[in-house]
Amino acid sequence: HISVKEIPFIDSLGKFLSKNTQIVILIEFHTDIRGSEELNKSSTEICGKNRLEKYFNYRYPDITKDRIQYACIGESQPIYSQTDIDKIKDLKEKEFAHSKNRRTIVKIIQIKIEKN
């Protein structure tokens, strides 16, 4: 399920897309660098893309599927590399670095110009 903390942002994004029918977005899902690359990519697809896609289909059926693209990046584009994290001594700070690598990024990738 979608986290309760995430719903206000997701709903504001859904409302924004419903009002702005010319906009196409890309949602990127990133994980931290722990675990295998295969596991991290599949977890972004299962936990991120599939859940969000179902939520948008249910809650905002007016947003066509071609207006939201998904990219399951996994661990391939970390903010903090393993070398960076290994240099951190404090366990809380290490976990903070890992948490920064786990992120979802929303990008506007196209604005369709409607001709009259």
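Details of the structure are given in the entry above.
Attention in this report is confined to the structure presented alongside it. (Residues numbered from 1 in each chain as written. Predicted model: local features only at pLDDT ≥ 70, side-chain atom pairs only at ≥ 80, totals over all residues. Heavy atoms only, no water.)

## Examining helix 2 (residues 37–59)
Consideration 1: With 23 residues, helix 2 ought to run about 33 Å at 1.5 Å a step, and its terminal C-alpha atoms sit 32 Å apart, in line with that.
Consideration 2: Where helix 2 bends most, at Glu45, the angle is about 30 degrees.
Consideration 3: Of all the residues in helix 2, the buried ones are Asn40, Thr44, Gly48, Lys49, Leu52, Tyr55 and Phe56.
Consideration 4: As for helix 2, its buried residues are in contact with helix 1 (7–19), strand 1 (23–30) and strand 2 (68–74). (Helix = DSSP H or I, 4+ residues; strand = E, 2+ residues; numbered from the N terminus. Expected span 1.5 Å × (residues − 1). Bend = angle between axes of the 7 residues up to and from the residue. Buried < 20%, exposed > 50% of the residue type's maximum accessible area, 1.4 Å probe, protein only. Contact = heavy atoms within 4.5 Å.)

## Some thoughts on the packing of helix 1 against helix 2
Consideration 1: Between helix 1 and helix 2, whose axes approach to 11 Å, the crossing angle comes to 55 degrees. By the angle between their axes, helix 1 is oblique relative to helix 2. With respect to the hand of their crossing, helix 1 and helix 2 are arranged in right-handed fashion. Facing Ile7, Ile10, Asp11, Leu13 and Gly14 of helix 1, the residues of helix 2 in contact are Leu52, Tyr55, Phe56 and Arg59.
Consideration 2: Considering only residue class, the contact of helix 1 with helix 2 consists of 6 nonpolar, 1 polar and 2 charged. (Axes fitted to C-alpha atoms, helices over the stretch in contact; angles between N-to-C directions. Parallel < 35°, antiparallel > 145°, perpendicular 65-115°, else oblique. Left-handed = near helix turned anticlockwise from the far one by under 90°. Nonpolar A, V, L, I, M, F, W, Y, C, P; charged D, E, K, R; others polar.)

## Observations concerning the pairing of strand 2
Consideration 1: Summarising burial for strand 2: 6 of the 7 residues are buried, a large majority.
Consideration 2: Alignment of strand 1 against strand 2, held across 6 bridges, turns out to be parallel. Pairing of Ile27 across the sheet is with Tyr70, part of strand 2.
Consideration 3: A crossover links strand 1 with its parallel partner strand 2, the connecting element being helix 2, and its sense is right-handed. (Pairing = 2+ DSSP bridges. Right-handed = clockwise from strand over helix to strand, strands pointing away.)

## Focus: the pattern of salt bridges
Consideration 1: Applying the stated criterion across every chain, the model contains 8 salt bridges.
Consideration 2: Between Lys107 and Glu28 there is a salt bridge, with the nearest N and O atoms lying 3.0 Å from each other. Of the two residues, Lys107 sits in strand 3 (residues 103–111) while Glu28 sits in strand 1, which places them 79 residues apart along the sequence.
Consideration 3: The class for Glu28 is buried, based on a relative accessible area of 8%.
Consideration 4: Between Arg34 and Asp32 there is a salt bridge; the shortest N-O distance is 2.9 Å.
Consideration 5: On the accessibility criterion, Arg34 (36% relative accessible area) is partly exposed.
Consideration 6: A single salt-bridge network, built from bridges that share partners, covers Asp32, Arg34, Glu95 and Arg102. (Salt bridge = Lys/Arg side-chain N within 4 Å of Asp/Glu carboxyl O.)

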